[in-house]
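# Close look at the chain arrangement
For reference, the chains in residue letters:
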Amino acid sequence: MVLGIVTLGVGAFSYEVYNARTPPAQFEWDHSKKTIAILGSGWAATSLLKDLDTQNYNVVVVSPRNYFLFTPLLPSCTVGTVELRSIMMPMRYITRFKPRQILFAEAACTDIDHENKILTVEDNSEVVGDTSTQKIHYDYLVVACGAENATFGIPGVREFACFLKEAWDAKKIRTKLMDCMETAAFPGQADSEIERLLHMVVVGGGPTGVEYAAELHDFLIEDLADWYPELAPKLKITLVEALPHVLPSFSKELINYTEEHFAKAKVQILSNTMVKQVTQKELVVQNQQKQLEKIPYGLLVWATGNTARQVVADLIKKLPSNLQTQRRGLTVDEYLRVKGAPDIYALGDASATKWPPTAQVASRQGHYLAAVFNTMGSVNADKMKIESSGETPAAVIEDIVKPFTYSHLGALAYIGSDKAIADLPGNVHIGGAVTFWFWKSVYLNNLFSLRNRMLVAFDWIKKSTFGRDISRE
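Residues numbered from 1 in each chain as written. Predicted model: local features only at pLDDT ≥ 70, side-chain atom pairs only at ≥ 80, totals over all residues. Heavy atoms only, no water.

## Structural notes on the environment of Thr-304
With respect to the element layout, Thr-304 can be found in the loop between strand S17 (299–302) and strand S18 (306–308). By relative accessible area, which is 26% here, Thr-304 ends up partly exposed. Remark: the alpha-carbon pair of Thr-304 and Pro-207, spanning 97 residues in sequence, is separated by 9.7 Å. Not counting residues up to four positions away in its chain, the partners in contact with Thr-304 are Ala-150, Phe-152, Val-203 and Gly-204. (Helix = DSSP H or I, 4+ residues; strand = E, 2+ residues; numbered from the N terminus. Buried < 20%, exposed > 50% of the residue type's maximum accessible area, 1.4 Å probe, protein only. Contact = heavy atoms within 4.5 Å.)

Next comes the structure, spelled out in structure tokens:
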């Protein structure tokens, strides 16, 4: 009985692996069908692409990166709890499994001509060929390119701070962290300079900032204390937040739990503190007493604020100002269509909606829009049959397609020391070690592929068995 179950499991696993590594033959590009252009490879774009039936469309995907990044685990990559490759999934692992061939271009979209429905894209790789700029025609455009980091016009942020949004950000933080450790360990280093180098500052008390501070604390306690015993006691972590409390989107109960946990872990929280200027070695803030204060730092991580990407900002300027009233993203209607450009849709952080700018919202929008396009494709494929019955495809589509609705499924955050918090529907607020295992299971389940699930699981086992790697890349 047991042998049979094991054999069946191994067979199912082998079949899954074989399918994942063996993409099927695809239909060729059909010029008689309409073209959907998708900008981006984040949560919204990837969710849309996974559900989209490409039999009825030609599809073009344009993104500066050729992979999907599972951003909820990005803070874990900054200290080596999880390796970057484990949370990256090449976009071609999706495009090669769709019924019809998809054109993927690793490029930056520099202009959207919404009147003539033409995109201008430029190759952004380090190796540039003879052709590096191209025009792409579309019938429908999905703007899902996300947002970029907002600096709020504060001097020095872009020059001296590390952001935490992309894979290269996590790699930069990991390298700079170990730079600080090794520089502090350099013979003859002054005590005041050691104190500065070992002061790690995080700006932003949202989930990203809190989770990074938590991962950094774990790295200190579980690894650095063993390998840098003379420096580890001097390492200090400070979280700067302009609001009265961290994690403002969570319940008051969980906010208090997190702040008490951080106090016990000696992670300092400076609430009601606003950053005014950043220099190479100091952070200038306005503290709770409205006084300017200088904070020396070795590593500064900026984990707060989003602003529209340049291509989105340019498109907003081209559309009627009475319809596009937000600077942070494209204003859309209840069907996620961009106001003033009905054949353009905006999803995720590229749009300005009433919903929070989270991966959960972006993913749900992507699934919704895929269902809309699938409905439009199937109805238009039966155009003759529908018209013979006295109806029009547009009327049928309008009757079937409903506005986008969002039901919040809850929020999770890791707070360090194998503890997590969860705000769940039904006014359920939980935190602690058991919630940590729930946090792990949810994230494993939400990873897009078996490959990524196994890689992340192996990373967690490797960290628990051998510890994190302290090499400087």
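Alright, that's what it looks like, and here's the rest.
## A look at the pairing of strand S13 (residues 267–270)
Here strand S12 (residues 236–240) pairs with S13 via 4 bridges, running parallel. In the strand pairing of S13, Val-240 is matched with Leu-270. Between the parallel elements S12 and S13, the chain passes through helix H9 (residues 252–264) in a crossover that is right-handed. (Pairing = 2+ DSSP bridges. Right-handed = clockwise from strand over helix to strand, strands pointing away.)

## What about the state of the cysteines?
Counted according to the given criterion, the structure contains 0 disulfides. Not engaged in a disulfide, the cysteine Cys-109 finds its nearest cysteine sulfur in Cys-145; these two sulfurs lie 7.7 Å apart. We note that Cys-162 lacks a disulfide partner, and the nearest cysteine sulfur, in Cys-180, lies 8.7 Å from it. On the basis of relative accessibility, which here comes to 0%, the residue Cys-162 falls in the buried class. (Disulfide = S-S within 2.5 Å.)

## Focus on the nonpolar core
If you look at the biggest cluster of nonpolar residues, it comprises 131 residues, and the most contacted ones within it are Ile-112, Leu-119, Val-143 and Phe-373. At 9 residues, helix H11 (residues 359–381) tops the list of elements feeding residues into this core. With residues near it in sequence (within four places) discarded, Ile-112 still touches Leu-39, Ile-118, Leu-119, Tyr-138, Leu-141, Val-143, Val-311, Leu-315, Lys-318 and Ile-344. Among the nonpolar cores identified, the runner-up in size contains 16 residues, and Ile-154, Val-240, Val-285 and Leu-300 belong to it. (Core = buried A, V, L, I, M, F, W, Y, C linked by side-chain atoms within 4.5 Å.)

## Comments concerning the pairing of strand S11 (residues 199–203)
Within S11, 5 of the 5 residues are buried, which leaves the element mostly enclosed by the surrounding structure. Side chains of S11 alternate between two faces, with His-199, Val-201 and Val-203 and Met-200 and Val-202 buried alike. In terms of strand pairing, S11 meets S12 through 5 bridges, oriented parallel. Bridged to Val-202 within S12 is Leu-239. Between S11 and its parallel partner S12, the chain crosses via helix H8 (residues 207–227), and the hand of that crossover is right-handed. With 4 bridges joining them, S11 and S17 adopt parallel strand pairing.

## Quick look at the pattern of salt bridges
Under the definition given, this model contains 13 salt bridges. Taking the shortest distance from any N to any O, the salt bridge between Glu-83 and Arg-174 comes out at 3.3 Å. Placement of the pair is Glu-83 in the loop between helix H3 (74–77) and strand S4 (88–90) and Arg-174 in helix H6 (residues 167–184), with a sequence separation of 91 residues. Looking at Glu-83, the relative accessible area reads 25%, which means it is partly exposed. Given the relative accessible area of 12%, Arg-174 is considered buried. Of the charged contacts in the structure, one is a salt bridge between Asp-333 and Arg-337, with a shortest N-O distance of 2.9 Å. The exposure class of Arg-337 is partly exposed, given its relative accessible area of 32%. Each of the salt bridges in this network shares a partner with another, and the network as a whole consists of Glu-83, Arg-174, Asp-459 and Lys-462. (Salt bridge = Lys/Arg side-chain N within 4 Å of Asp/Glu carboxyl O.)

## Here's the deal with the packing of H6 against H8
For the pair H6 and H8, interaxial distance at closest approach is 14 Å and the crossing angle is 45°. The angle between the axes of H6 and H8 places the two elements in the oblique class. Seen along the crossing, H6 lies across H8 with a hand that is right-handed. Contacts between H6 and H8 pair Ile-173, Leu-177, Met-178 and Met-181 from the former with Tyr-212, Leu-216, Phe-219 and Leu-224 from the latter. Across the contact of H6 with H8, the residue classes tally to 8 nonpolar, no polar and no charged. (Axes fitted to C-alpha atoms, helices over the stretch in contact; angles between N-to-C directions. Parallel < 35°, antiparallel > 145°, perpendicular 65-115°, else oblique. Left-handed = near helix turned anticlockwise from the far one by under 90°. Nonpolar A, V, L, I, M, F, W, Y, C, P; charged D, E, K, R; others polar.)

## Details of the packing of helix H2 (residues 43–51) against H11
The N-to-C vectors of H2 and H11 enclose an angle of 35°; their axes lie 7 Å apart at closest approach. Remark: the crossing between H2 and H11 carries right-handed chirality. Contacts between H2 and H11 involve Trp-43, Ala-44, Ser-47, Leu-48 and Asp-51 from the first element and Ala-359, Ala-362, Ser-363, Gly-366, His-367, Leu-369, Ala-370, Phe-373 and Asn-374 from the second. When grouped by side-chain class, the residues that make up the contact of H2 with H11 number 8 nonpolar, 5 polar and 1 charged.

## A look at unusual backbone geometry
Positive phi, close to 60°, is recorded for Phe-152, a residue that is not glycine. You can call Phe-152 exposed: its relative accessible area is 57%. The phi dihedral of Asn-272 is positive, around 50°, even though this residue is not glycine. Mapped onto the elements of the fold, Asn-272 is located in the loop between S13 and strand S14 (274–278). Relative accessible area serves as the criterion here: at 36%, Asn-272 is assigned to the partly exposed category.

## Structural notes on the sheet that holds strand S2 (residues 58–63)
Sheet architecture is open: 8 strands sit in the order S7-S6-S5-S2-S1-S8-S21-S20, paired in mixed fashion. Each having just a single partner strand, strand S7 (133–137) and strand S20 (337–338) make up the two edges of the open sheet. Direction of pairing for strand S8 (residues 140–143) relative to strand S21 (residues 341–346): parallel, over a ladder of 3 bridges. Within S21, the residue paired with Leu-141 across the bridge is Ile-344. In this fold H2 packs onto strand S1 (35–39), S2, strand S5 (102–113) and S8, with an angle of close to 150° to the strand it touches most, S1. Running over the sheet, helix H10 (residues 310–318) touches S5, S8 and S21 and is turned about 50° from S5.

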